[in-house]
Every structure is written in structure tokens, then in C-alpha cells.
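Secondary and tertiary structure notes
Residues per chain are reported as follows:
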Amino acid sequence: MPGARRSLASPVVSGVLCPCGSPHAPPAEGGGSSGGTGGSCGRSLCEASEQERRLRALFQKLDVNRDGALCIHDLAVGLGRLGLQRSELDLLKIVKAGDKDLDGQLDFEEFVHYLQDHEKKLRLVFKSLDKKNDGRIDAQEIVQSLRDLGVKISEQQAEKILKSMDKNGTMTIDWNEWRDYHLLHPVENIPEIILYWKHSTIFDVGENLTVPDEFTVEERQTGMWWRHLVAGGGAGAVSRTCTAPLDRLKVLMQVHASRSNNMCIIGGFTQMIREGGPRSLWRGNGINVLKIAPESAIKFMAYEQIKRFIGTDQEMLRIHERLLAGSLAGAIAQSSIYPMEVLKTRMALRKTGQYSGMLDCAKNILTKEGMSAFYKGYIPNMLGIIPYAGIDLAVYETLKNTWLQRYAVNSADPGVFVLLACGTISSTCGQLASYPLALVRTRMQAQASVEGAPEVTMRGLFKHILKTEGAFGLYRGLAPNFMKVIPAVSISYVVYENLKMTLGVDSR
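So, here's what we can say about the structure. Quick caveat: nothing in here was measured; it's all calculated off a predicted structure.

Section: the overall build of the chain
Of regular secondary structure, the chain possesses 22 helices and 2 strands. For the chain, buried positions account for 51% of its 508 residues. By sequence separation, contacts in the chain at least 24 residues apart represent 71% of the contacts at least 6 residues apart.

Dropping the structure here:
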């Protein structure tokens, strides 16, 4: 009996959406379903009025209680009558995804918008699975696609997956079978899109305040996640080392530059080399590289625990949930390694011969200033996490979704240039938004190293800078900071890709 009910779904679905993804009239008798994705329909059959009529017919079939809106109960009963069984959790996701006015149900306009968006996502997945580009997915293509996701399965296991969707017994899935099987099934985070649009593990611009990447269940189960983190950490170490002179110049300008001491980029480099030789350009880089590993590990573990605490049943979090979990994880990681941040600033500002090394610097601070010195600037640092992570994530997701909506036709792969451009723009926007807090943090960290400097609070320092230097004073050192973004992103990407290959992570 389940097989009989299942067969009812195909004519209903095929009557609403044609193989090209557009609404059309029902197929002619004996025509059957198209074998591929090409089946282009005539213009007269794809007009808006016909589309609305077909979609409204499906909407009315699902609107069990005839109230003009689809609730979870309507979807459960209506889809059941069409032979499409969905869990309550899946139906809840569908309603949440399409419910624009947050009334807990879908009106016709919301239903149409959801179906159109859903169809586009399904087509992207189908295209990415169709490696041979012949309009069909076979067992070998499923094996290859899952291998790209870090999962190794046999061809027999792939055939079992095929059988669950294959209605005509050909052991291949065409677009119609794929679409019919996944009709009104939530697809919120397609693994292929997640793989192509990795963000925070790739981009290291010296600040580790970004929201952690999402990893698929397969990546977590197969251990690919730690390889990605190790590759990202190694890329960050190389990137930070290559751009360390610009980073040290930024710190010097944040602390020492003022209206009376207008430090330029060339003058800053000349001053550093004259005081300590070429090697002095890398002061503070050792501790900056050293803190990558503990910070990344703590943030990743905290992020996973916070996801469980949030209690979401989704494999991937929605944007606001990612921001909340990522910001909290960032706060925990920063709190854990914050003394290293203070050490990095002090080491970058030190004079030649002032300290023999990191341990000597830490011992000196502890002896002369006490344990509290290791947490100076802590509050502005914590406050800076939210605007940095929030704007970085929002801008990246906006750019990503814009590209997917406008340009993703055959694949979700944006290409290296688009990926780097989106990451660079979003990271730059995040830094720009949180920069005043970062400057105040650095000055508070450095205040004891500047002789005769009075004890100041975050609020007092903001007032002092605005009064004596104006708003421009909150952006001292911004030029070298932005100068290092493009080389930092480019270097970290190249190193990341090479480390991935070394560690056995498939690169696409």
C-alpha cells in the first residue's frame, strides 16, 4: 500500500513544476517524465497566470481546513494524502523557513516563495551531484560526492540510497525523481554550499573574533573537522608572520600616535629599524602565533557545547543562532587566552633589551603590576566581539546569498576570486566596526609600559581621545591594519589549500 500512495505524488508534483523548474500544464498522455534536466517548456505554457493556478491547486490540496493558510497539521495531513510522509520536525522547519510574518503558518504568497527558493536549492544540489552532466545521478556519482564531503561509502551503499528515490527501476535518478522525492522537505543548509563557502577557517587577518565554521555531521564523524582546524591554524601562523611588521606598526600607532606625534607608515618602519634593526619588525609575533592553537581549540569546543545548550535539533544553526553561539564561544576563548593578548601588546611595544623573552616579560608584569595587569582592556575586548563577529557574519552571508541568487546556476561553487573577495570585504567591515574598541583595548593593555601614564578606565579613555584628538583619534593605525588584509587573506588561503592536501582533505 505505501507504494500505491507514493505513486500519487508524481502526477501532482509534475503538474505543478516542470523539469526546467517552471510551472507547466500536466504532461500529455503517454509522455511520461523527462529523462533529464533539460526539458524546456514553451513560453505559452510557463506564463505567470498558469504558474499561479498550478501552485494554488497544490496549496488548496494541502489546505485541509480551508482557512487560506497552511499550519503544521495541514501539511502533515495534506502531504500524507499525496503519499509524502514528513516528520513533525521537518514540517516545523518548513513553516519556519517560509513564515515571513511570524504568524506560525504559511499563506499562499509565503508558500510560493518557499517553494521557489526550495526548488533552486534542490537544483543546485542536483547539479553538483551530477558529475557527468548527463541529467542523471548514478551510484558512482553519489560515492564521489560523499567522498568530497569526507565520507567513504561502498557502491552497494550508494545503490541503497538510489533505490529510495528511484521510481522507474533504472538505478539512476533524473531531475523529476529527485525533485519529487524532496518536495516540501526542508533543505536549509546544503552540504555542497557549506563546503564551498567555508569562511573563518580560511581567513586570518590577525583577529580571531569570527564566528566558527559549521562542519557537517560527516566531517565531524570522520575527523575532517580537526584537519580543517589544523590547516586553518597553520595558514594563520604563516599569514601572521608574513604581515607581522604591519601589525607591529599598527600597535605602535595605536599607542603612541597623536596630533603632536603624527606617525606615518614609512616613518614608523624607519623608527623601528633604527631602534632595533630589521628583526625588531617581528616583535610580538611569537606570542601572536602561539595563541592561535589554544584560542581556536577552545572556541571550537565552546561553540559545539553552546550549540547543544541552545538545544537546536538542526544539523546547522540559523544565522542568529550562529551569531549567539559564535559570540559566546569567542568570549570564552578570549577570556581563556587574554593574558597572551596583553603579552603580545607588551612584546610589540618593548624596547631593545627590555625583556629577554616572553616568559621574562610575563614575570616582569606579574611582579611589578600583579595578576590584574593581564586583564587590562578586557571589557572593550569583549564588547568588540559582537560588532566584529556580527557584521563580519552578516556581510559575508549577504554577499554569499546575493551571489547564490544571481549567479549560481549550475553549481554552488563561487570560485576562488569570489570567495576571497567576500571574505576580505566582510572581515574588513567587521574590523572597521570594532576598531575604536580595539584601539582602546590596546592602549589600556599598554598603559603600564608607558612611563608616567595614569590609570584610566575605558570610558575615561574614550572621552580623552575624543576631546584631544577627535573621532579620527579612535582610528589611529587603521592604514597599516587595512594594508595587511589582502596579503593576509591571500597568504592564508594559499597555505590553507596546501595544508589541506598534505593532511588528506579533498580540495575542490
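Having seen the structure, we can now continue with the description.
A word on the nonpolar core
Residues Leu58, Leu62, Leu70, Leu75, Leu79, Ile94 and Phe111 are the most contacted members of the largest nonpolar core, which totals 18 residues. Among the elements of the structure, α2 (48-62), α3 (72-81), α4 (88-98) and α5 (108-129) are those that each provide at least two residues to this core. Ranked by the residues each element gives to this core, the list is headed by α5, at 5 residues. Of all hydrophobic cores here, the second largest spans 14 residues; its members include Val125, Phe126, Leu129 and Trp175.

Notes on the packing of aromatic side chains
Here the structure, examined in full by the defined rule, presents 6 aromatic pairs. Here the aromatic rings of tyrosine 338 and tyrosine 375 are separated by 5.9 Å at their centres, their planes lie at 25°, and the arrangement is stacked. Of the two residues, tyrosine 338 is situated in helix α16 (residues 319-349) and tyrosine 375 in the loop between α17 (358-369) and α18 (378-407); the sequence distance between them amounts to 37 residues. On the basis of relative accessibility, which here comes to 0%, the residue tyrosine 338 falls in the buried class. With a centroid separation of 5.9 Å and an interplanar angle of 70°, the aromatic rings of tyrosine 375 and tyrosine 378 are classed as edge-to-face. You can call tyrosine 378 partly exposed: its relative accessible area is 27%. Cation over ring: arginine 56 sits above phenylalanine 108, and NZ or CZ is 3.9 Å from the ring centre.

Points about the side chain of serine 426
Take serine 426: it is sitting in helix α19 (residues 416-446). Overall, the relative accessible area of 0% leaves serine 426 in the buried class. Separated by 3.0 Å, the side chains of serine 426 and aspartate 392 make a polar contact.

Description of the packing of α3 against α4
At a minimum axis separation of 9 Å, α3 and α4 run at an interaxial angle of 120°. As the angle between them shows, α3 and α4 are arranged oblique. You can see that α3 and α4 cross each other, and the crossing is right-handed. Here Ile72, Leu75, Ala76 and Leu79 of α3 lie close against α4, whose contacting residues are Glu88, Leu91, Leu92, Ile94 and Val95. Residue classes in the contact of α3 with α4 are distributed as 8 nonpolar, no polar and 1 charged.

Focus: unusual backbone geometry
One non-glycine residue, leucine 102, lies in positive phi territory at about 55°. Unusually for a residue other than glycine, methionine 171 sits at a positive phi of about 60°. Its place among the elements puts methionine 171 in the loop between α7 (155-165) and β2 (173-174).

What about the packing of α19 against helix α22 (residues 485-502)?
Running from N to C, α19 and α22 cross one another at 135°; their axes reach a closest spacing of 10 Å. It follows from the interaxial angle that α19 and α22 lie oblique. As α19 runs across α22, the sense of the crossing is right-handed. Mapping the contact onto sequence places Val416, Leu419, Leu420, Thr424, Thr428 and Gln431 in α19 and Val485, Ile486, Val489 and Tyr493 in α22. Considered class by class, the residues forming the contact of α19 with α22 number 7 nonpolar, 3 polar and no charged.

Cut-offs applied
- Residues numbered from 1 in each chain as written.
- Predicted model: local features only at pLDDT ≥ 70, side-chain atom pairs only at ≥ 80, totals over all residues.
- Heavy atoms only, no water.
- Helix = DSSP H or I, 4+ residues; strand = E, 2+ residues; numbered from the N terminus.
- Buried < 20%, exposed > 50% of the residue type's maximum accessible area, 1.4 Å probe, protein only.
- Contact = heavy atoms within 4.5 Å.
- Core = buried A, V, L, I, M, F, W, Y, C linked by side-chain atoms within 4.5 Å.
- Phe/Tyr/Trp six-rings, centres within 6.5 Å; stacked < 30°, edge-to-face > 60°.
- Lys NZ or Arg CZ within 6 Å of the ring centre and 35° of its normal.
- Polar contact = N/O pair within 3.5 Å; in protein donor to acceptor, adjacent residues only side chain to side chain.
- Axes fitted to C-alpha atoms, helices over the stretch in contact; angles between N-to-C directions.
- Parallel < 35°, antiparallel > 145°, perpendicular 65-115°, else oblique.
- Left-handed = near helix turned anticlockwise from the far one by under 90°.
- Nonpolar A, V, L, I, M, F, W, Y, C, P; charged D, E, K, R; others polar.

Treat this as a map of the structure, not an account of what it does.
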